[in-house]
Amino acid sequence: MSPEARMEELRARLSLARGAATLLLATVASEVDLEPSRRFLLDVLRAAPMSVADLGECSFNDGPARWAELTRGAPADAFVLAANPRGALAGAAFARLLNAERELLRQLAGPMVLLVPRDTERILRSHAPDFFTWIAQSYEVPPAGEMAAIAARLGVAPSAVEAPAPQDEPIRFLHLSDIHLRPQRVKRYDQDRVLRGLLEFLERDRAEFPLDLVFLTGDLAQSGKREEYALVVDFLRKLIEVTGVPPERLFVIPGNHDVDRDVGRWLLRTLSRDDEAIAFFEEPASRGFHEKKFEAYGGGLRDLLGASRPLGLAAGADAVEVVDVRGARIGVASFNSAWFAQGDDDHGKLWLGEPSAHGAAQRLADEGVSFAIALLHHPFDYLHEVEREEVERIFERSFELVLRGHLHKDKARTILSPRGGYVEVAGPAAYQGSQWPNGCFLGEIQARRRAVRLRPYAFSSGADPWVLDPKVFPDDAEQHYCRTFSLPEKRRIKSVVAKQLERGAAIALSSAPPAKQRELAAELGISVPEGRLSAESLRKASRAVALTPEVARLWALGRWVRLVREVMEEQSKDAPRIERTDPQFLEKALVRTAHAFRRFESDFDSDREAFRRDAPLVIRSALELIVDGPVYRQASVSTLTDVRSHLVIGTPSEPSSQRAVIQVDLVRDPTLDWDVKSVAELDMYVRVSGADHAASILVGAVAPSADEPRIEHAQTPAGREVLLLRL
């Protein structure tokens, strides 16, 4: 059959199937062809005398339940929906969802064409064989060029296909350095005059330039004394208030003036050999005496910024913090170049630590950051010659932006090398006396475009004391005296351990139900349009959880599913899934669920409290295996509570005898019985749904010492019989 004949047959079948819940599959050669082929397919189908609605591309978390909802919301004679779950893991998760929700295809408002790449079709045929039995006919869509020719022969003007430009909303930051706060009365008046003006400027500028991150690169105090950090903390607290940047996104490192020189008087001023440096930065005990020089600095800041923050006093991987800002994964390495600082003759004597720089770089690679920032106080030429060149090489390979201070002079330049490169920004002194130049940088990071834009500001004695400084970039008047720096691509290589952890996290996450995936994305701060996890979001979440305890919860859910299958095999070898034609199907399903739940808690070493918090998800995943039919979560029909979760077995088109409503309630006090609000809400829900069967599951309502979970028969105030299960 010619390509044109195939398209004619597809149009004819759609026309004949108007108003019928029919699914047709259309396959394109590759995901590259998906978008142009979809456009041309819509043009060809719309040439027939029928209305065709374009439903766009669905997420791999969208199955027939969501498809039916989309068709009901877009009245038309036929519908076209594309699906492209990128990657084998996402494809397998998509296939399992389609298999589970296949019966909901009956709810389609009309015939629908599901357009997928050939690789996706293979995954579906392999992992969702039952779903394929619901497909009325499969078609191979010609390449975009042939489709354009077919459209032309039909007299159809094809739509222009333009890929939308990716959004890259800038991440805005403030870079301050060298504040030198002192408690003496005369100095306080002068420094307040300068810094009060800075705070007022930042507060005014917040509406036009809201900040995401704040960096302070050392010399917060003048002599590292405890009383000076009371002023530092007061200033930082005001800075947090006027900018709206939370403490966890404010990054601070020490400078040579944050060293208490009285404490460090008798300590080593430098190291002489590479092996000494390795011992100092690899063995925390080696830094013990030098850490005492920073006790006032660290003690003054931790209460405000967080007890576990590195603050430049950690080394290697521990010096790195990762934050997610509007889809970009930003890594910040806070280095201390002042470990051996003691006087004004530090040039060439300081050590940042090659092992520390290498460990931080490896952590950034393992975390999968999209943009890496290094903070240090001194220029590289202050480092000892033994490590200087190698440390610079590590920075060239690993960082996009290097922020520093110390010299009280602004400087911005791009460093390019065979290993990559970075933008180096030296901040001027934010305060060195009102009679001297004082300044700072505001910046914008565009992680996807790999660019940094800088806006320099300086203190002035006018009515607006902080103003744009045209002297920093005098040749950029057309850019309002701002400068944009482009960055080379980085190739960060993950360690073997990190790859294995990430792979395990990806498997666990992709096998978790969609509700759990969305919940995890929200916890990690990953943007999920319309509450659905895309393939890219899945990759981000896998990277984020690869090194966190969240992986244990995901593996716990996987272990739970295997345990449910074991219980099913033990209790019913001949009929592992319970048919809903059995009048007692709900009670039998709850018995199996209860046995698995209790066995899980007693046999599996996991966070039981976290597992109980996931109770609606846990119980739903069990019922999907135990009962022969769809199980899905339903929003509450009343406003009595926002805590309980309702699960529904069966679809509205099925007989009421094969449908059930289950209320899952997490009980905080095991001594409390089934409360009045819970009963009333379940009664209302059963009445609205029309289901014959109902149950209430109270998780945490029975003491842990109870030998067996109890399934009771109870009645609501309306006289409706329900099952009551206490876990």
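Rules behind the numbers
- Residues numbered from 1 in each chain as written.
- Predicted model: local features only at pLDDT ≥ 70, side-chain atom pairs only at ≥ 80, totals over all residues.
- Heavy atoms only, no water.
- Helix = DSSP H or I, 4+ residues; strand = E, 2+ residues; numbered from the N terminus.
- Contact = heavy atoms within 4.5 Å.
- Buried < 20%, exposed > 50% of the residue type's maximum accessible area, 1.4 Å probe, protein only.
- Arc of directions from axis to C-beta.
- Pairing = 2+ DSSP bridges.
- Axes fitted to C-alpha atoms, helices over the stretch in contact; angles between N-to-C directions.
- Expected span 1.5 Å × (residues − 1).
- Salt bridge = Lys/Arg side-chain N within 4 Å of Asp/Glu carboxyl O.

A. Seen up close, the environment of Arg659. When you line up the elements, Arg659 lands in the loop between β20 (645-649) and β21 (660-666). In this structure Arg659 touches Phe585, Ile649, Gly650, Thr651, Pro652, Glu654, Ser689, Gly690, Ala691, Asp692 and His693, once residues within four positions along its chain are discounted.

B. Representation of helix α3 (residues 64-73). Along α3, the residues classified as buried are Pro64, Trp67, Ala68 and Thr71. The arc that holds every buried residue of α3, seen down its axis, measures 100°, which confines them to one face.

C. Geometry of unusual backbone geometry. Residue Leu311 is not a glycine yet carries a positive backbone phi of 55°. Inspection of the secondary structure assignment puts Leu311 in the loop between α12 (295-305) and β9 (320-325). Positive phi, close to 60°, is recorded for His480, a residue that is not glycine. The class of His480 is exposed, set by a relative accessible area of 57%.

D. Looking closely at the sheet that holds strand β3 (residues 78-83). With parallel pairing, the 5 strands of this open sheet are ordered in space as β2-β3-β4-β1-β5. The open sheet has two free edges, formed respectively by β2 (52-58) and β5 (135-140), since each of these has just one partner strand. Pairwise comparison of adjacent strand axes, ignoring direction, gives a mean angle of 20° for this sheet. As judged from the 6 bridges shared by strand β1 (residues 23-28) and strand β4 (residues 112-117), these two strands associate in the parallel manner. When the sheet's bridge partners are listed, Thr27 is paired in β4 with Val116. Against the sheet, helix α1 (residues 3-16) touches β1, β3, β4 and β5, its axis set at about 155° to β5. Its contacts with the sheet place helix α5 (residues 118-127) against β1, β4 and β5, and it is angled at close to 105° to β4.

E. Region of the structure containing helix α13 (residues 354-367). Here α13 spans 20 Å end to end across 14 residues, near enough to the 20 Å set by a 1.5 Å rise per residue. Of all 14 residues making up α13, 10 are buried, and the element is well covered by its neighbours. Taken residue by residue, α13 has Pro355, Ser356, Ala357, Gly359, Ala360, Ala361, Leu364, Ala365, Asp366 and Glu367 as its buried positions. Positive backbone phi, at 65°, marks Gly368, one or two positions downstream of α13.

F. Seen up close, the pattern of salt bridges. Within the structure shown, the criterion is met by 41 salt bridges. Here Arg125 ties to Glu121 by a salt bridge, and the two come within 3.1 Å at their closest N and O atoms. Here Arg125 pairs with Glu121, and both are found in helix α5, just 4 residues apart, close to one helical turn. Judged by its relative accessible area of 14%, Glu121 falls in the buried class. Between Arg329 and Glu367 there is a salt bridge; the shortest N-O distance is 2.5 Å. On the criterion of sequence distance, the pair formed by Arg329 in strand β10 (residues 328-334) and Glu367 in helix α13 is long-range, its members being 38 residues apart. Judged by relative accessible area, which is 8%, Arg329 ranks as buried. Three or more residues joined by partner-sharing salt bridges are found here, namely Glu103, Arg106, Arg580 and Glu654.

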